[in-house]
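The lines below spell out each chain.
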Amino acid sequence: MVKTPKMSWIPSLSAVSAVSACYITAYLLMQYSGLFRPSPSGLFRVLHQWPALSGVGVLFVVSLYVLIKILVKSDKIKAAEKGLSISNALLHMSILGLSAGIFLSALTRFEGTITLTEGQESWVSKEVIGPDAIYSRLFSGMPDGKLDIQQVDPVVSSDGRNLKRIFALTKFSSQSQPVGRQFRLDSRFPKYIDGWFYQVGESGGSVLFRLLGESGNILDEAYAVLKIFPSGAEDAIRVMQIPHTIYLRYYHEASAVPDKNGVPSDKKGPLFKVRVARNLDLLVNTFVSPDEFVQIDGFLISFRDIRNWVDIRIVRDPGIYLIVPALLGLIVSGGFLAFADRRKYVNEKRHSINDA
Amino acid sequence: MRMKKHLLTLASGVLLAFIASVAGMPGAYEYYRFKTGNFPREQEISGIKNTIKLFSATVAGLYASGGIVAGLNTFPAEKLVKRRILQDIRMSKNEGKLYVMDRDKSKVNDIKLFSPDRAIAVVDEDWFGVYQNSVTRRQISGKKANLITVRYFLKKMWGKWVIVDYEIHARGEALPSVTAEVVLKW
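All values reported here derive from a predicted model rather than from experimental measurement. (Residues numbered from 1 in each chain as written. Chains lettered and ligands numbered in written order. Predicted model: local features only at pLDDT ≥ 70, side-chain atom pairs only at ≥ 80, totals over all residues. Heavy atoms only, no water.)

So, on to the packing of aromatic side chains. All names here are of chain A. For the structure on display, the rule yields 21 aromatic pairs over all chains. An angle of 70° between the planes, with centres 5.3 Å apart, marks the rings of phenylalanine 172 and tyrosine 198 as edge-to-face. Of this pair, phenylalanine 172 sits in strand S5 (residues 163–173) while tyrosine 198 sits in strand S8 (residues 196–212), placing them 26 residues apart in sequence. Each member of the pair phenylalanine 172 and tyrosine 198 is classed as buried. Centre to centre, the rings of tyrosine 192 and phenylalanine 197 are 5.2 Å apart; their planes meet at 65°, and the pair counts as edge-to-face. On the basis of relative accessibility, which here comes to 48%, the residue tyrosine 192 falls in the partly exposed class. (Phe/Tyr/Trp six-rings, centres within 6.5 Å; stacked < 30°, edge-to-face > 60°. Helix = DSSP H or I, 4+ residues; strand = E, 2+ residues; numbered from the N terminus. Buried < 20%, exposed > 50% of the residue type's maximum accessible area, 1.4 Å probe, protein only.)

If you want it as structure tokens, here you go:
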């Protein structure tokens, strides 16, 4: 009597690896699909969440076990199968490296965005960056650097409505290197400086806003960082001293105002469109030139000295030094194994045809 | 057999990923239902309209009473919104006057839901305002018509829609665009 083999309910190691790999890939795709959250905050932030890390952990353990097994039995492998065995070992080493890199990233990654105006310099610190613009893990450090934004050069589309690229000429110094070095930071490619990556993010217009009291005394004067680029984009200013909201748009030329709607004929040159509301009461809706005062209730406001501001994105992640080579190893070993597997399948098919 | 094994592997991975996506983040399942259409949209829109109505009525009441805060707990507005309104009333009172506002009519132009708990509503509102002496309540200014378009930013908190901010636009002016990214930051 022929006994049918009992089906084992314990999955093989290769099945566990395959399911883990499918799980991690499917999880990443679901996070980026927009079905479970509005928009993910970045590939690494998704990878650092426990669902992804648990799958990575399984891959790490399985790959380590398989790699140890291959190394222990390496002297018993036939010469004809040595190439396949080396590729297998490289594959599992790559998976190990990738998993270790992701864990290292989860422990050490730092991302921060600092907003600076042309001519402004600042040390990079948690207080300057602000809690909403920092992503740091358990063992992240802080960059030791002072940034001095000397010039911002936005490259705009031919119709002037879109920013294509932004360059920021920046002087960089640190506690260990107080003599400044100049770099041209770019919005397209990050720049590596002393172990950290620096890249230009968004850019916009900074305006010197002045609030004066009835007697002409200055109640507030500061650069307001506004998103008023391209021409016609609107942003708002609020100050604690008054309940008003000041909506602002900037046009580099009076002729740039669409339809010239409401622009006084005597206005030339750069213009601000100012709309002021005191809660639900619309008080002012007008065009003013730089330094021209606008009366709102018992106060005067003015705008001048428009300058560019930039976001500088600062990143450090020691995990990527494991992840990138591991990915290359995966591609090479995976490709070789897939080719070897295909050749084996073709040979087996040929033999079975010959036998028939 | 091999194909069957591959399909089983894929299905297991996808199922586990779905469970992890739902369990991994608070509100993920509600957002999934929102995106797949299994969401009481009409009910929420009605709730938003009621919130805007209550907001306008409370604002008018606060201004007319000179800032009596008895009903402040039911005022569907975020702290900074309330602060600016009370600051305005206090500043006027310090000058011996009250600004009394009445809403004549309003028309909801559009309500857009960005997520189960974030929405924008665009409303045309006609208000009339007049200054009164804060002591005698005598009218000290002419009646001013205030025809505006208001874009309300709403967030659902503790089961109720609350106004977290609003923009005032002159009636008839084109509203600048707002991205989902801006709304979802609230």
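That was the structure; now back to the text.
All names here are of chain B. Here four strands make up an open sheet; going across it, the order is S1-S2-S3-S4 and the pairing antiparallel. A single partner strand is all that each edge strand has here, and the edge strands are strand S1 (97–115) and strand S4 (160–170). On average, adjacent strands in this sheet sit at an angle of 25° to one another, irrespective of strand direction. Of the pairings in the sheet, the one linking S1 to strand S2 (residues 118–133) comprises 16 bridges and is antiparallel in character. Paired with methionine 101 across the two strands is glycine 129, which belongs to S2. Helix H4 (residues 79–94) contacts S1, S2 and S4 of the sheet and is inclined by roughly 60° relative to S4. (Pairing = 2+ DSSP bridges. Axes fitted to C-alpha atoms, helices over the stretch in contact; angles between N-to-C directions. Contact = heavy atoms within 4.5 Å.)

What follows covers the environment of serine 21 of chain B. You can see serine 21 of chain B is positioned in helix H1 (residues 2–24). The spacing of serine 21 of chain B and tyrosine 32 of chain B is eleven residues in sequence and 9.7 Å in space, taken between C-alpha atoms. Ignoring anything within four residues of it in the chain, the contact list for serine 21 of chain B reads Tyr27, Met30, Gln31 and Phe36 of chain A together with Ala28 of chain B. For serine 21 of chain B, the side chain forms a polar contact with the side chain of glutamine 31 of chain A, separated by 3.4 Å. (Polar contact = N/O pair within 3.5 Å; in protein donor to acceptor, adjacent residues only side chain to side chain.)

So, on to the interface of chain B and chain A. Listed as interface residues are 49 residues of chain B and, on the opposing side, 37 residues of chain A. Taken together, both faces of the contact between chain B and chain A bury some 3600 Å²; the carbon and sulfur share is 60%. Connecting chain B to chain A are four salt bridges. Here aspartate 165 of chain B ties to arginine 238 of chain A by a salt bridge, and the two come within 2.9 Å at their closest N and O atoms. Here chain B is connected to chain A by 21 residue pairs in polar contact (both at pLDDT 80 or more). At the level of elements, H1, helix H2 (28–35), helix H3 (41–65), H4, S1, S2, strand S3 (144–157) and S4 of chain B are the ones that each hand at least two residues to the side of chain B that touches chain A. Here the side of chain B that touches chain A gets 14 residues from one element, more than from any other, and that element is H1 of chain B. (Buried area = accessible area lost by both parts, 1.4 Å probe. Salt bridge = Lys/Arg side-chain N within 4 Å of Asp/Glu carboxyl O.)

A residue-level look at chain B finds 98% of positions with pLDDT of 70 or above and a mean pLDDT of 91. In the predicted assembly, ipTM is 0.90 and pTM is 0.84. (pLDDT = per-residue confidence, 0-100.)

Bringing the sheet that holds strand S12 (residues 271–278) of chain A into the picture now. Residues and elements named next belong to chain A. In space, the four strands of this open sheet follow the order S10-S11-S12-S13, with antiparallel pairing throughout. Single-partner strands in this sheet number two, and they are strand S10 (234–237) and strand S13 (281–288). The sheet shows a mean angle of 20° between the axes of neighbouring strands, direction not considered. Where S12 meets S13, seven bridges bridge the pair, whose relative direction is antiparallel. Looking across to S13, one finds that arginine 275 is bridged to asparagine 285.

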